[in-house]
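For reference, the chains in residue letters:
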Amino acid sequence: MQRRVAAIYFAFFLLMGASAYSVIAVAEEPAIDVAGQSYGQGDTFTVDEREYVVGNLSAGNASGGEGAPSGTLMWTNESAQFTATVANNTTVSPVRLSFSDQEAYYAATLAEGDTVQFNGSETTVSIPDVESPSNFSLVRDGNATATFASNDTFVYRGNATTVTEVTAEEVRLEWGDDYRVLTPNETDPSSFRMVQQFNVSQRLSADPAVENRTVTRDDGQRYVVFASNGTTRLLGEYLPAPDVGQIQEGDSLTFRNNETTVANVTATGIVLEWTGPQTNTIELSEGANVTLNGQQRVVHFQGDSVILSQEVVGYQEDLGRQDYFTERQNGLWGVTILSGLAAMFVIVFAYLPVRG
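Residues numbered from 1 in each chain as written. Predicted model: local features only at pLDDT ≥ 70, side-chain atom pairs only at ≥ 80, totals over all residues. Heavy atoms only, no water.

J.: In this structure, what is going on with the layout of surface pockets? I would like to understand it.
T.: Summary: where empty space remains is shown by rolling a probe the size of a single water molecule over the atoms. Estimates place the volume of the largest pocket at around 390 Å³. If you trace the largest pocket, you find 19 residues lining it, with Asn159, Trp175, Gly176, Asp177 and Gln202 closest to the centre. Sorting the residues of the lining of the largest pocket by element identifies strand S13 (159–166), strand S14 (170–176) and helix H2 (200–206) as the ones contributing at least two each. With four residues, the single largest contributor to the lining of the largest pocket is S13. (1 Å grid on protein atoms, 1.4 Å probe; cavity = no way out; pocket = protein on both sides within 12 Å on 5 of 7 lines; lining within 4 Å. Points joined across faces, edges and corners; volume = space filled by probe spheres on them. Helix = DSSP H or I, 4+ residues; strand = E, 2+ residues; numbered from the N terminus.)

Here it is in structure tokens:
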């Protein structure tokens with residue numbers, strides 16, 4: 001009798017567990033279903049005349065965590081506001097900061113096929129035949145001896161020059177003496193000076209009439225030594241008068257190839273302002289809310305594409321349905337596991353020996 005009852009309970013629990021498992025097997029998780037345009041890698045779209053570019057799309061793991069789907073949106077603000085501060089008594093190269101009619105500031109251009117002395121050998125300028133080259137090469141005997149890009153430096157005609165631009169037509173080089181930024185020690189100054197700083201060793205090397213060195217006498221002064229007869233001259237008298245720029249608030253300067261305005265002058269430095277293009281990046285992740293030119297969108301990935309939907313509330317409702325589904329699935333798994341354990345224990349207990 002004991003084993004017959006056990007068999008009935010065993011069948012009951014087995015049926016209950018199998019029923020719960022059958023529901024788990026056929027149930028389908030509700031999908032996220034939001035309306036919106038689907039975009040792939042490199043696609044562009046506009047929101048109120050602002051253009052966005054889709055980039056770095058990765059399908060990843062739709063369940064989230066490590067390897068979750070991701071991507072970026074990039075857009076360019078053509079009139080972004082920038083500021084920069086140059087401290088008082090700072091020495092700057094004219095390649096970095098220059099003013100109108102600056103004397104110790106020089107530029108040169110190189111075209112395809114021009115001849116340049118480099119490392120003691122004659123080389124030829126070679127610019128890649130593309131619309132927007134990023135570099136150029138100096139070629140000798142058909143082989144590139146060196147390659148340079150913007151902001152690189154090399155010696156050109158005895159001058160340490162900086163490559164400031166490479167185009168399909170030419171390469172622009174710039175160089176010059178450093179200048180010292182000097183602001184008045186006043187409460188509210190309205191102007192400042194940029195004073196040329198001489199490269200003494202370079203000037204002496206370029207002048208065959210003097211030795212490539214200075215000497216310091218007992219009076220503590222530095223003197224230039226003439227090569228022909230060994231006579232000397234005070235360095236300050238040998239050097240020309242330095243170039244001085246007197247600059248007012250509101251004047252224009254060139255700072256890192258940007259036309260800037262002197263917005264403010266203080267005893268501690270100067271503030272420069274300018275406008276220019278700035279690329280902005282928006283990171284995309286599943287379910288994230290992003291603001292596109294003032295409009296809110298929700299991010300949803302589908303395979304190798306992404307949907308940016310305005311149905312923010314609808315997305316959250318779909319998430320709620322998925323959470324409810326997961327809860328019910330977990331409950332059914334609990335019934336399946338407990339029923340299996342109960343059926344096993346019923347059989348075990350039914351066959352335990354009975355003491356007489």
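There is more to say after this.
J.: Just checking my understanding: could you explain the packing of aromatic side chains for this structure?
T.: Any two aromatic rings considered together are summarised by their centre-to-centre distance and by the angle between their planes. Considering all chains together, one arrives at 13 aromatic pairs under this definition. On the basis of an interplanar angle of 75° and a centroid distance of 6.4 Å, the ring pair of phenylalanine 118 and phenylalanine 154 is categorised as edge-to-face. Of this pair, phenylalanine 118 sits in strand S8 (residues 115–118) while phenylalanine 154 sits in strand S12 (residues 153–156); the two residues are 36 residues apart in sequence, bridging distant segments of the chain. Each member of the pair, phenylalanine 118 as well as phenylalanine 154, carries the same accessibility label: buried. Connected via pairs of aromatic rings, a cluster forms that spans Tyr39, Phe45, Tyr52 and Trp75. Over the ring of tryptophan 75 we find arginine 50, and its NZ or CZ is 3.7 Å from the ring centre. The lysine or arginine in question, arginine 217, covers the ring of tyrosine 223, its NZ or CZ lying 5.0 Å from the ring centre. (Phe/Tyr/Trp six-rings, centres within 6.5 Å; stacked < 30°, edge-to-face > 60°. Buried < 20%, exposed > 50% of the residue type's maximum accessible area, 1.4 Å probe, protein only. Lys NZ or Arg CZ within 6 Å of the ring centre and 35° of its normal.)

J.: Which parts of the structure should I look at to understand the sheet that holds strand S1 (residues 38–39)?
T.: Whether parallel or antiparallel, the strands of a sheet pair through hydrogen bonds between backbone atoms. Read across the sheet, four strands follow the order S1-S26-S25-S24 without closing on themselves; strand pairing throughout is antiparallel. At either end of the open sheet lies a strand with only one pairing partner, and these are S1 and strand S24 (289–292). With four bridges connecting them, S24 and strand S25 (residues 295–302) associate as antiparallel partners. Bridging across to S25, valine 290 finds its partner in arginine 297. (Pairing = 2+ DSSP bridges.)

J.: Would you take a moment to explain the pairing of strand S4 (residues 70–87) for this structure?
T.: Regular strands place side chains that alternate from one sheet face to the opposite one. Pairing of strand S3 (residues 50–58) with S4 involves four bridges; the strand directions are antiparallel. Residue pairing across strands places valine 53 opposite methionine 74, the latter belonging to S4. Pairing of S4 with strand S23 (residues 269–285), which is carried by 16 bridges, proceeds in the antiparallel orientation. What sits directly across from valine 86, in S23, is isoleucine 270.

J.: Mind showing me how you'd approach the pattern of salt bridges here?
T.: Side chains that carry opposite charge are capable of pairing whenever their charged atoms lie near each other. Summed over all chains, the structure comprises three salt bridges. Taking the shortest distance from any N to any O, the salt bridge between arginine 172 and glutamate 174 comes out at 2.8 Å. With relative accessibility at 28%, the residue arginine 172 sits in the partly exposed group. The shortest N-O distance in the salt bridge between aspartate 177 and arginine 203 comes to 3.8 Å. Of this pair, aspartate 177 sits in the loop between S14 and strand S15 (178–182) while arginine 203 is found in helix H2, placing the two residues 26 residues apart along the sequence. Aspartate 177 sits in the buried class, given a relative accessible area of 12%. (Salt bridge = Lys/Arg side-chain N within 4 Å of Asp/Glu carboxyl O.)

J.: Please clarify how the sheet that holds strand S17 (residues 210–216) should be interpreted in this entry.
T.: Ordered in space as S17-S18-S19, the three strands form an open sheet in which the pairing is antiparallel. Looking at which strands have only one partner, the edges of the open sheet turn out to be S17 and strand S19 (232–234). The mean angle between the axes of side-by-side strands here comes to 35°, regardless of whether they run parallel or antiparallel. Two elements, S17 and strand S18 (residues 222–226), share four bridges in a ladder whose sense is antiparallel. By the bridge assignment for S18, valine 215 is matched with tyrosine 223. (Axes fitted to C-alpha atoms, helices over the stretch in contact; angles between N-to-C directions.)

J.: Even after reading the chapter, I still don't get the side chain of serine 137, so can you show me in this structure?
T.: Here serine 137 is to be found in strand S10 (residues 135–140). Serine 137 sits in the buried class, given a relative accessible area of 14%. A polar contact is formed between the side chain of serine 137 and the side chain of threonine 147, at a distance of 3.1 Å. Setting aside anything within four residues of it in sequence, one finds serine 137 in contact with Thr124, Val125, Ser126, Ala144, Ala146 and Thr147. (Polar contact = N/O pair within 3.5 Å; in protein donor to acceptor, adjacent residues only side chain to side chain. Contact = heavy atoms within 4.5 Å.)

J.: Please clarify how the nonpolar core should be interpreted in this entry.
T.: Most often, soluble globular proteins keep nonpolar side chains buried together rather than apart. Counting residues in each nonpolar core, the largest one holds 18 residues, and the members touching the most others are Val86, Leu97, Phe192, Met194, Leu253 and Leu272. Of all the secondary structure elements, the ones that give two or more residues to this core are S4, S15, strand S16 (191–197), strand S21 (252–255), strand S22 (258–266) and S23. Broken down by element, the residue count for this core peaks at three residues, all from S23. Once you skip the residues sitting within four places of it in the chain, phenylalanine 192 turns out to touch Val181, Leu182, Thr183, Pro184, Gly245, Gln246, Ile247, Leu253, Val262, Val265 and Ile270. The next biggest cluster of nonpolar side chains, apart from the first, holds 17 residues, and it includes Val116, Phe136, Ala146 and Val163. (Core = buried A, V, L, I, M, F, W, Y, C linked by side-chain atoms within 4.5 Å.)

J.: What exactly am I supposed to notice about the environment of serine 38 here?
T.: In this fold, serine 38 is placed in strand S1. In this structure serine 38 comes out as partly exposed when scored by relative accessible area, which is 33%. Note: C-alpha distance between serine 38 and serine 309 (271 residues apart in sequence) is 9.1 Å. Beyond its immediate sequence surroundings of up to four residues, serine 38 is in contact with Ser305, Val306 and Ile307. For serine 38, the side chain forms a polar contact with the side chain of serine 305, separated by 2.9 Å.

J.: Where do I start with the environment of threonine 231 in this structure?
T.: Mapping threonine 231 onto the fold places it in the loop between S18 and S19. When its relative accessible area of 38% is taken as the criterion, threonine 231 is described as partly exposed. Separated by 21 residues in the primary sequence, threonine 231 and valine 210 have C-alpha atoms spaced 9.5 Å apart. Filtering out sequence-adjacent residues up to four positions away, threonine 231 remains in contact with Val224, Val225 and Phe226. Within the local environment of threonine 231, its side chain forms a polar contact with the side chain of asparagine 229, the two groups lying 2.7 Å apart.

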